[in-house]
Amino acid sequence: MTAPSPPRRALTPQSRPVRLGPRSIAALALVSATGVAGFGWPFLAPPTSQVNAHAQDAPWLFAGLLVLLVAVVAATISESGLGPKAVAMLGVLAATGAALRPIGAGTAGIEPMFFLMVLSGRVLGPGFGFVLGSVTMFASALLTGGVGPWMPFQMLAMGWFTMGAGLLPGADRLRGRAELALLACYGFLAAFAYGTATNLAGWPFMDGNASNIAFDPDAAVPVNLARFLTYCLATSLGWDLGRALVTVLLTVLLGRAVLKALRRATRRAAFETPVTFDGPTV
């Protein structure tokens, strides 16, 4: 007779340092809607719209978007009761991501910070992921001198990127190779989505007389869409492909160890356990 195999240990649900409540969800929806409008206005506004006549006022829109981003972060932190342990983890991961970004600066999309954002969002959830993504991009902009009107859009896109990893299915059940395959596929596709979104932030402000792939405020939407796709193929496809491949490679090679470390740190932090202090002993 063969001995019965030992029962598999049940996976316990992961604790989350940030629980999105109604106020945080409403603020996130507001800033996301504003971001979608800010990213996609060349395709949302008809050629006769007054929006095209005020295209050069975009820096003011960017500044307003940054204010909304800060408000989302503040609302998330205040409503969720983000404790000192979660703040410490946020600081460590944001600093690590900001330090990883300059490693491949200017080299065919070698940006290892994206793989860390995917794994962090997966383990720590969508709420923490959005805060981490936006804060990491802000810190890396300060570190690399990349502060400008494009920075709020980069913060928002990275917040979406990291939050999306936290929304993937099977967070409490899926493990092993299947999970790594899921994260690698997400990282590959989301890397292109990030690049496309950030392209939209700068493409409308090219000099229309300089190139036939620049935004034309007098052209119809299909014409501008064709121009934008050509612009992406000509300027950023290689960079986006490099980012996507590096994200997949690092996820496959280092993902298991990093996920294990993040989950161990999450268990030990016990974010959902209130901190209590014992009174003085007599």
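Structural data are supplied above this passage.
Residues numbered from 1 in each chain as written. Predicted model: local features only at pLDDT ≥ 70, side-chain atom pairs only at ≥ 80, totals over all residues. Heavy atoms only, no water.

Re helix H1 (residues 22-44)
Basically, it comes down to this: Secondary structure elements are defined from DSSP: runs of H or I of at least 4 residues count as helices, runs of E of at least 2 residues count as strands, and each element is numbered from the N terminus. The length a helix should cover is 1.5 Å for every residue beyond the first. What is called the bend at a residue is the angle between a pair of axes, fitted to the seven residues leading up to and ending at it and to the seven starting from it. Here's how the labels work: a residue is buried when its accessible area is under 20% of the maximum for its type, exposed when over 50%, partly exposed in between, all with a 1.4 Å probe on protein chains only.
Compared with the 33 Å implied by 1.5 Å per residue over 23 residues, the 29 Å span of H1 between its first and last C-alpha is markedly short. For H1, the principal kink sits at Gly38 and spans about 45°; a proline, Pro42, occurs within the next four residues. Those residues of H1 not exposed but buried are Ser24, Ala27, Leu28, Val31, Ser32, Gly35, Gly38, Phe39, Gly40, Trp41 and Pro42.

Concerning a positive patch on the surface
Stated precisely, the cut-off is as follows: Here, patches come from residues exposed beyond 30% relative accessible area and free of salt bridges, joined within 9 Å for like charges and within 5 Å for nonpolar side chains (Val, Leu, Ile, Met, Phe, Trp, Tyr). Surface accessibility in these figures is a Shrake-Rupley result with a 1.4 Å probe; residues are shielded only by whichever protein chains are displayed. Each salt bridge in this description consists of a side-chain nitrogen of Lys or Arg and a carboxyl oxygen of Asp or Glu lying within 4 Å of one another. When charges are counted, Lys and Arg are positive and Asp and Glu negative, with His and the chain ends excluded. Where a charge lies is defined by one atom per residue type, namely NZ (Lys), CZ (Arg), CG (Asp) and CD (Glu).
Together, Lys260, Arg264, Arg267 and Arg268 give the surface a local cluster of positive charge. As for its placement among the helices and strands, Arg264 is situated in helix H9 (residues 237-269). The class for Arg264 is partly exposed, based on a relative accessible area of 32%.

Some points on the packing of helix H6 (residues 151-166) against helix H7 (residues 177-202)
For clarity, the cut-off: What counts as an axis is a line fitted to C-alpha atoms, over the stretch in contact for a helix, and the angles between N-to-C directions run from 0 to 180 degrees. Here is the rule for angles: anything less than 35 degrees is roughly parallel, anything more than 145 is roughly antiparallel, 65 through 115 is roughly perpendicular, and the remaining ranges are oblique. Note on convention: the crossing is left-handed when the near helix lies turned anticlockwise from the far helix by less than a right angle, right-handed when the turn is clockwise. When checking whether two residues touch, look at their non-hydrogen atoms; a contact exists if any pair is within 4.5 Å. Three residue categories are used. Nonpolar comprises Ala, Val, Leu, Ile, Met, Phe, Trp, Tyr, Cys and Pro, charged comprises Asp, Glu, Lys and Arg, and polar comprises the others, including Gly.
Direction vectors running N to C along H6 and H7 enclose 160°, while the axes themselves pass 10 Å from each other. On the basis of their axis angle, the class for H6 and H7 is roughly antiparallel. Of the two elements, H6 crosses H7, and the hand of that crossing is right-handed. Contacts between H6 and H7 involve Phe153, Gln154, Ala157, Met158, Trp160, Phe161, Gly164 and Ala165 from the former and Tyr186, Ala190, Ala191, Tyr194, Thr198 and Ala201 from the latter. For the contact of H6 with H7, the per-class residue count stands at 11 nonpolar, 3 polar and no charged.

Concerning the packing of helix H5 (residues 113-144) against H7
Contact geometry of H5 with H7 gives a least axis separation of 14 Å together with a crossing angle of 30°. On the basis of their axis angle, the class for H5 and H7 is roughly parallel. Contacts from Phe114, Val118, Leu119, Arg122 and Met137 of H5 reach H7 at Glu179, Leu182, Leu183, Tyr186, Gly187 and Tyr194. Class assignment of the residues belonging to the contact of H5 with H7 gives a composition of 8 nonpolar, 1 polar and 2 charged.

Things to note about the nonpolar core
Nonpolar side chains in soluble globular proteins tend to end up buried together. Quick reminder of the rule: By nonpolar core is meant a set of buried Ala, Val, Leu, Ile, Met, Phe, Trp, Tyr and Cys residues that side-chain atoms within 4.5 Å join together.
One finds Val31, Phe39, Leu93, Phe130, Met158 and Phe161 to be the most contacted residues of the largest nonpolar core, which totals 58 residues. Among the elements that take part in this core, H5 stands out by supplying 15 residues, more than any other.

Some words on the pattern of salt bridges
Within the structure shown, the criterion is met by 4 salt bridges. Note that Arg243 and Glu111 form a salt bridge whose closest N and O atoms lie 2.8 Å from each other. Linking Arg243 in helix H9 with Glu111 in the loop between helix H4 (84-100) and H5, this pair joins segments that are 132 residues apart in sequence. Just as Arg243 is buried, Glu111 falls in that class too. Put simply, Glu111, Asp240 and Arg243 are held in one network by salt bridges that share partners.

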